[in-house]
Amino acid sequence: MALRRRYPMLSLHVCCPRCGTRDLRVFSKIDRIEGLYNNPLSRIQQLFGATLWYCPWCRLQFFDCRKLRR
């Protein structure tokens, strides 16, 4: 469990890579005002059509193929 908090990419469900919250929103396009997560894995997922997620707590946008936990 501690590894999932430290490395959010090891989780089965999507979570914010900066703060770890699961309270995320889906964006349809990139917002130029908010920050975009510049991780190579996130950029590769963007090329494969991943969902654009937005964290309202740390105001970060990132791409991820995983689903949101219900």
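Residues numbered from 1 in each chain as written. Predicted model: local features only at pLDDT ≥ 70, side-chain atom pairs only at ≥ 80, totals over all residues. Heavy atoms only, no water.

Our next topic: the pairing of strand β3 (residues 51-55). By the criterion of burial, β3 is predominantly enclosed, with four of the five residues buried. In this sheet, β3 lies alongside strand β1 (residues 25-27) in antiparallel orientation, the contact comprising three bridges. By the bridge assignment for β3, F27 is matched with L52. One ladder, built from five bridges, connects β3 with strand β4 (residues 60-64); its direction is antiparallel. Residue pairing across strands places Y54 opposite Q61, the latter belonging to β4. Connecting β3 to the antiparallel partner β4 that follows it, the hairpin turn spans four residues, and R59 within it adopts a positive phi of roughly 55 degrees. (Buried < 20%, exposed > 50% of the residue type's maximum accessible area, 1.4 Å probe, protein only. Helix = DSSP H or I, 4+ residues; strand = E, 2+ residues; numbered from the N terminus. Pairing = 2+ DSSP bridges.)

As a further point, take the sheet that holds strand β2 (residues 35-36). With mixed pairing, four strands are arranged side by side in an open sheet as β1-β3-β4-β2. Edge strands, defined here as strands with exactly one partner in the open sheet, are β1 and β2. For β2 and β4, the ladder comprises two bridges, and the chain directions are parallel. Across the sheet, the residue bridging to G35 is L60, located in β4. Packed onto the sheet, helix α2 (residues 40-47) meets β2 and β4 and runs at close to 60 degrees relative to β4. (Contact = heavy atoms within 4.5 Å. Axes fitted to C-alpha atoms, helices over the stretch in contact; angles between N-to-C directions.)

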